[in-house]
Amino acid sequence: MPVYTKKCLDVIDAIISECRVCPPVDFMKGEMPETIYTSQNAMWDTGATNTLISPKIIQALNLKSFGKSSISSANGIIETNSYLIHVGLPSGSIITNILALENDNEDYEIVIGMDIITQGDFAFSNKDGHSTFSFRIPSTEEIILKE
């Protein structure tokens, strides 16, 4: 079971990790992507329903729009292009056929949303002034904090 854990020396205000993105291919048929985009700037966001990708990734992978979707943001509801992708997490897990929405936020190349987070166990703590984040797929147990 692949697990990713990131320990930080300070309390952090955003969970940032590496992430890989590729166009959808059929791994079961032995297909391999021609191009894989690696980002060092993927943010994990429990407030995002969907995974978001930047125009830079769309261009680098020459992705074709799958249609339009709505995003609710601080600026209201906007229509944006959607793309079918595979996402490689830092644990080595690959999440296939994610409907990612285009996002022009320049702060992060990828926003990992609840469409991926809900597929596993997600834990975050701030013990002794430093942050620790862990994620694993598949989910193996219910995580309940004790007093």
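Here, every reference points to the structure presented above.
A quick note: this is a predicted structure, and the numbers were derived from the prediction, not measured. (Residues numbered from 1 in each chain as written. Predicted model: local features only at pLDDT ≥ 70, side-chain atom pairs only at ≥ 80, totals over all residues. Heavy atoms only, no water.)

Draft legend 1. Representation of the pairing of strand E5 (residues 67–73) in the model. In this sheet, strand E6 (residues 76–88) lies alongside E5 in antiparallel orientation, the contact comprising seven bridges. The residue bridging Ser69 from the neighbouring strand is Thr80, located in E6. (Pairing = 2+ DSSP bridges. Helix = DSSP H or I, 4+ residues; strand = E, 2+ residues; numbered from the N terminus.)

Draft legend 2. Structural view of the sheet that holds strand E10 (residues 132–136). The strand order E1-E10-E9 describes an open sheet built from three strands, whose pairing is antiparallel. Looking at the sheet topology across the chains shown, the edges are occupied by strand E1 (3–7) and strand E9 (121–125). Each neighbouring strand pair of the sheet contributes to a mean axis angle of 5 degrees, computed without reference to strand direction. (Axes fitted to C-alpha atoms, helices over the stretch in contact; angles between N-to-C directions.)

Draft legend 3. Highlighting the environment of Gly30. Looking at where Gly30 falls in the secondary structure, it is placed in the loop between strand E2 (15–22) and strand E3 (37–44). Overall, Gly30 belongs to the exposed group, its relative accessible area being 55%. (Buried < 20%, exposed > 50% of the residue type's maximum accessible area, 1.4 Å probe, protein only.)

Draft legend 4. Focus on the state of the cysteines. All chains considered together, the criterion is met by zero disulfides. No disulfide involves Cys19; its nearest neighbouring cysteine sulfur is the one of Cys22, lying 10 Å away. We classify Cys19 as buried; its relative accessible area is 0%. (Disulfide = S-S within 2.5 Å.)

Draft legend 5. Molecular detail of a nonpolar patch on the surface. Residues Phe27, Met32 and Ile94 make up a contiguous nonpolar surface patch of about 300 Å² in total accessible area. Within the secondary structure, Ile94 sits in strand E7 (residues 94–102). (Patch = residues over 30% accessible without salt bridge, like charges linked within 9 Å, V, L, I, M, F, W, Y side chains within 5 Å. Areas by Shrake-Rupley, 256 points an atom, 1.4 Å probe, with all protein chains shown as cover. Salt bridge = Lys/Arg side-chain N within 4 Å of Asp/Glu carboxyl O.)

Draft legend 6. Inspection of the side chain of Ser131 at higher detail. Counting through the fold element by element, Ser131 comes out in the loop between E9 and E10. At 2.5 Å, the side chain of Ser131 forms a polar contact with the side chain of Asn126. Contacts of Ser131, omitting those with residues within four sequence positions, involve Lys6, Lys7, Cys8, Asp10, Val11, Ile12, Phe124, Ser125 and Asn126. (Polar contact = N/O pair within 3.5 Å; in protein donor to acceptor, adjacent residues only side chain to side chain. Contact = heavy atoms within 4.5 Å.)

Draft legend 7. Looking closely at the pattern of salt bridges. Evaluated as defined, the whole model comprises five salt bridges. With a closest N to O distance of 2.7 Å, Arg20 and Glu18 form a salt bridge. For Glu18, a relative accessible area of 24% gives the class partly exposed. In this structure, the salt-bridge partner of Lys56 is Glu109, at a minimum N-O distance of 3.3 Å.

Draft legend 8. Representation of the packing of aromatic side chains in the model. Under the definition given, this model contains four aromatic pairs. For the ring pair Tyr4 and Phe133, a centre distance of 6.1 Å and an interplane angle of 65 degrees mean the geometry is edge-to-face. Here the residue Tyr4 occupies a position in strand E1, and Phe133 occupies one in strand E10, the gap between them amounting to 129 residues. (Phe/Tyr/Trp six-rings, centres within 6.5 Å; stacked < 30°, edge-to-face > 60°.)

So far we have only geometry, and geometry alone does not tell us how the molecule works.
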